[in-house]
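Close look at the chain arrangement
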Amino acid sequence: MRSRQAQIGQAADELAAGKRPRMSGIARKEAIAGYVAISPWLLGFLIFQLAPILAAFYISSTEWRILSAPEFIGVRNFDKLLFKDDLFWQSIKVTVIYVIFRVPVSAVLSLALALLMNQQLAGRRLFRTIYYLPAVIPLVAVSMMWIWIFNPEYGVLNSFIRLFGIEGPQWIHSSRWALPALIIMSLWQVGTGMVIFLAGLQGIPAHLYEAATIDGANTWQRFLKVTLPMLSPVVLFALVMNVIGSFQIFTQAYIMTAGGPGNATLFLVLYIYRNAFEWFHMGYASALAWVLFVVVLVISLAMLRSSEHWVHYEGRIGGA
Amino acid sequence: MTVGKLSRRHFLQGSALVAGGAFVAACAPVAGDTGAAVADEGESMSEEPIELVAQYWGTRPEFIEDREILAQRMTEKFPNVTASQNSVPGGQYGEKVLTAIAAGTPPDTMQLNHRWEPFFRGQEALLNVIPFADADDEFTFDVFYPRIIELGTTEGQLVTVPRGWNPFVIYYNRALFAEAGLDDLPTSWENDTWNWDSFLETAQALTADSDGDGRTDVYGMFFPYWYPFLRLGGGDVLSDDQQSSGLGSPEALAALQWLADLRLTHGVSPTPAEIEGLGSAQDLFTAGRVAMFTAGAWGIGALTRVEGLDWDVGPLPRAAGQPPVGYTQYYGHGIPKGTQSADWSWEYLKIISDEESNITVAQTIGDVPAMRHIAESEHFAGLPKPPTRQVFIDSAPHMQVWPTIAPITEIMSRAITPELNLAFLGEKSVEDAVAAAGPQVDEILAAFWGN
């Protein structure tokens, strides 16, 4: 067998000549073993994710009511949703408002909670569990509970507001308040973000804080100059996941408001669901789903691209 | 051992082939589109073992038990048949059955009602049952309420053999009526003194703030359904030619405004928030918080089980200048296209719709049987509660049903309900709500009719 050095040398020569390096027998076997090892995931992804995604793309160019064969109609579904369907734009508006308010507020609250839970407080494990608990309760059960919290007549929220002599709003029974209600409700689940931030906080080396303290940095300066930069990769991850999750809001609106009153909470995924499984316009629903996919993809890419300017990875020269 | 060169590119290409195959499979033309329009004349009823499945929605224990009995009766009549039921929760019915039909494995019979009959008929997924009936000496449509058969027949085709129907009536709390010094409701649908004016007066007399805290404790009435009142008022959601919205007609606008006023102006009906806090219409009624409510005959079963509740039923009130309207929802069973044997499906369907089965509808399920002589017998009319059961049966000559056009669910849930909900909440005028819904209705109809 040739020496490792010779192999590397040959590979370098081939690369220089613009050729792909040839694999040795061992490397090939290793490659096969690697692919076999990942094949359960890979096949699952290809068959159950990629294929349906591609199928949905084809279906989006058809009129398909399930029982009859799909009828190819080109880009008519996209033409309809972009230029003729007010409900599509209503669903986009509602979803974007939800994302715009929910993502930053929940990020700030999650971070604040994580900072608090990172302190040496008595019973902090208990508090961490309590704050995280809403994230593991099924959303259907949570929604049923919030229906009661928001009930204008008998709910705990308006009963509390009434203590101050103010009559609370109609919440999910008002087209003006239903969306704010669902945004407020979503903040109840900041525990997920808190856990992620907490893990990030605990990964920040203590010596950085010590150095900053020696240099005379106060608490706020340590937060700004050490904590935030060191946490920025985690912030990026949390934001991207939160944006994607927020665009996919469905269960609360389906159970609590059915998209109402008057389409005030007709989120895009709910609208997709209705087109697919209430009205059985599979082609149109697929077109809507692809729009959601593209919107989420573009925003995620934009966030990742922007991260070059504000995310700091430890050990990288220049901090960028 | 020779191992061929396996580059990442080749591996991914191979994998893409797998995905491509799955993609092609997903896009392949669906089965189930091909079922014969009528039963195969040459098909014979063999003695070969056969398994039949009847498709239902709803999973309440009494439903499941009823269906098990029907399956057993099928096997008793035909020992070579193994019959069973497939019951799914109501909300999943459409997608489950559609998927089964599309996959080429439709059920042998399937339950249908005002919602699903138009949809599946619109998909051309159901067989016309008239040829089966004509060829069968054991069966006649004459035993059913003729109006149900008439309303269910479209372009000479009937896809549902009816089993039961649910006439809408006014359920009322007799004790609360007595407390308010009111007489029992009349029992005749033709009685024009029981009209929208007297109905409102009755509701106002019943509405009360018993403890004087400024909040209403008893509401005169609750209308979970607005459509029956639209019909009572002479309006409908579609124009007569079904080409456009009918909500803009003076009759429809007046009826919807009258309904909105019940809650917003007269305060005789609870708000959605109050209803949510207190439970369903039936819960509110049982708790004595609502004195009258509208529902189909399904209310009988639950209310009969409530001990100490003194209740009865009356006809829907007539609108000025309008004939009586007995709004009803009927249900039954049909045969999907592409079943393994349409003749065997027909045999199963006959048992599901026969006399014994109609008696179960009357006595166990609590709806009005579709067979007239069973409805008018001791099995339904002769039962003690409520005392004036005849009101349900007497609605038959005035029977009207939910629109039968295929996209009616989309018209209602996409175009009309969101707008009318705003009107009933007082956030929008009825005129504005109707004006906003109209173009959406027209658009759905235009797509449906291919304009």
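Worth saying up front: this structure is predicted, and the values here are computed from it rather than measured.

**A short note on the overall build of chain A**
When its secondary structure is counted, chain A shows 14 helices and two strands. Relative to a compact globule of 320 residues, whose C-alpha radius of gyration would be 20 Å, chain A shows 26 Å and is clearly more extended. Each principal axis of the C-alpha atoms in chain A carries an extent, and together these give about 85 × 70 × 30 Å. Long-range contacts, defined here as pairs at least 24 residues apart, represent 64% of the contacts in chain A between residues at least 6 apart. One way to put it: in chain A the 23 positive side-chain charges average out to a point 6 Å from where the 15 negative ones average out.

**Things to note about the confidence of the model for chain B**
Residue and element names in this part refer to chain B. For chain B, the mean per-residue pLDDT works out to 89, and 90% of the residues sit at or above 70. Across chain B, strand 5 (residues 169-173) holds the top mean pLDDT of 97, while helix 1 (residues 8-27) sits lowest at 55. Predicted confidence is poor over residues 1-5, with pLDDT under 50, and the contacts of this stretch with residues over four places away or in other chains come to five contacts. For residues 27-43, every residue scores under 50 in pLDDT, and the model assigns this stretch 34 contacts once sequence neighbours within four places are set aside. Reported for the predicted complex are a pTM of 0.86 and an ipTM of 0.84.

**Considering the packing of helix 18 (residues 408-425) of chain B against helix 19 (residues 430-449) of chain B**
Residue and element names in this part refer to chain B. Where helix 18 contacts helix 19, the two axes come as close as 8 Å, and the packing angle between them is 170 degrees. On the basis of the axis angle, helix 18 is roughly antiparallel to helix 19. Where helix 18 abuts helix 19, its residues Glu 410, Ile 411, Arg 414, Ala 415, Ile 416, Glu 419, Leu 420 and Ala 423 lie against Val 430, Ala 433, Ala 436, Ala 437, Gln 440, Val 441, Ile 444 and Leu 445. Taken together, the residues of the contact of helix 18 with helix 19 sort by class into 12 nonpolar, one polar and three charged.

**Let's talk about the sheet that holds strand 5 of chain B**
Residues and elements named next belong to chain B. Strand order in this open sheet of four strands is 6-7-5-8, and the pairing throughout is mixed. The open sheet has two free edges, formed respectively by strand 6 (219-222) and strand 8 (311-314), since each of these has just one partner strand. Neighbouring strand axes in the sheet, compared pairwise and without regard to direction, differ in orientation by 20 degrees on average. Bridge count for strand 5 against strand 8 is four bridges, and the pairing is antiparallel. Looking across to strand 8, one finds that Ile 170 is bridged to Gly 314. Sheet strands touched by helix 8 (residues 196-206): strand 5, strand 6 and strand 7 (290-295). Its angle to strand 7, the strand with the most contacts, is close to 140 degrees.

**With respect to the nonpolar core**
Grouped together as the largest cluster of nonpolar side chains are 104 residues, with contacts concentrated most on Tyr 171, Trp 226, Val 237, Met 292 and Ile 416 of chain B. For this core, the leading source of residues is helix 18 of chain B, giving eight residues. Mapping this core onto the domain boundaries places at least three of its residues in each of domain 1 (8-33 + 45-166 + 330-400) and domain 2 (169-327 + 408-436) of chain B. Of all hydrophobic cores here, the second largest spans 89 residues; its members include Met 185, Met 194, Leu 201 and Leu 236 of chain A.

**Let's talk about the interface of chain A and chain B**
The parts lose accessible area when they come together, and the size of an interface is often stated as this lost area. Counting from both sides, the interface comprises 47 residues of chain A and, opposite them, 44 residues of chain B. Each partner contributes to the roughly 4100 Å² buried at the junction of chain A and chain B, and carbon and sulfur atoms together form 63% of this total. At the boundary of chain A with chain B, the tally comes to two salt bridges. Measuring nitrogen to oxygen at the nearest pair gives 3.1 Å for the salt bridge that ties Arg 215 of chain B to Glu 153 of chain A. In this assembly, chain A and chain B are joined by 10 residue pairs in polar contact (both at pLDDT 80 or more). Those elements giving two or more residues to the side of chain A that touches chain B turn out to be helix 2 (25-59), helix 6 (139-150) and helix 13 (268-278) of chain A. Sorting elements by how many residues they give to the side of chain A that touches chain B places helix 2 of chain A first, with 12 residues. In terms of residue class, the side of chain A that touches chain B is built from 28 nonpolar, 10 polar and nine charged.

**Section: the domain arrangement of chain A**
Residue and element names in this part refer to chain A. Here chain A is partitioned into domain 1 (2-59) and domain 2 (77-310). Here the C-alpha centroids of domain 1 and domain 2 sit 38 Å apart. The contact between domain 1 and domain 2 buries some 410 Å² in all, and 74% of this surface belongs to carbon and sulfur atoms. For the pair domain 1 and domain 2, the interface holds zero salt bridges. The tally of links from domain 1 across to domain 2 stands at one residue pair in polar contact (both at pLDDT 80 or more).

**Things to note about the pattern of salt bridges**
Proximity of charged atoms lets side chains of opposite charge pair with each other. Residue and element names in this part refer to chain B. Inspection of every chain in the model, using the stated rule, returns 22 salt bridges over all chains. For Glu 376, the salt bridge is made with Arg 372, and the minimal N-O distance between the two is 3.3 Å. It is possible to trace a salt-bridge network through shared partners that takes in Lys 77, Asp 136, Glu 138, Glu 347 and Lys 350.

**Some thoughts on the side chain of Ser 345 of chain B**
Residues and elements named next belong to chain B. Of note, Ser 345 is situated in helix 14 (residues 342-352). Given the relative accessible area of 0%, Ser 345 is considered buried. Beyond its immediate chain neighbours, meaning those up to four positions away, Ser 345 contacts Asp 108, Thr 109, Ile 335 and Thr 339.

Cut-off values and rules
Residues numbered from 1 in each chain as written. Chains lettered and ligands numbered in written order. Predicted model: local features only at pLDDT ≥ 70, side-chain atom pairs only at ≥ 80, totals over all residues. Heavy atoms only, no water. Helix = DSSP H or I, 4+ residues; strand = E, 2+ residues; numbered from the N terminus. Rg over C-alpha atoms; globule rule 2.2 N^0.38 Å. Contact = heavy atoms within 4.5 Å. Lys, Arg positive; Asp, Glu negative; His and termini not counted. Charge placed at Lys NZ, Arg CZ, Asp CG, Glu CD. pLDDT = per-residue confidence, 0-100. Axes fitted to C-alpha atoms, helices over the stretch in contact; angles between N-to-C directions. Parallel < 35°, antiparallel > 145°, perpendicular 65-115°, else oblique. Nonpolar A, V, L, I, M, F, W, Y, C, P; charged D, E, K, R; others polar. Pairing = 2+ DSSP bridges. Core = buried A, V, L, I, M, F, W, Y, C linked by side-chain atoms within 4.5 Å. Buried < 20%, exposed > 50% of the residue type's maximum accessible area, 1.4 Å probe, protein only. Domains from an automatic or database assignment. Buried area = accessible area lost by both parts, 1.4 Å probe. Salt bridge = Lys/Arg side-chain N within 4 Å of Asp/Glu carboxyl O. Polar contact = N/O pair within 3.5 Å; in protein donor to acceptor, adjacent residues only side chain to side chain.

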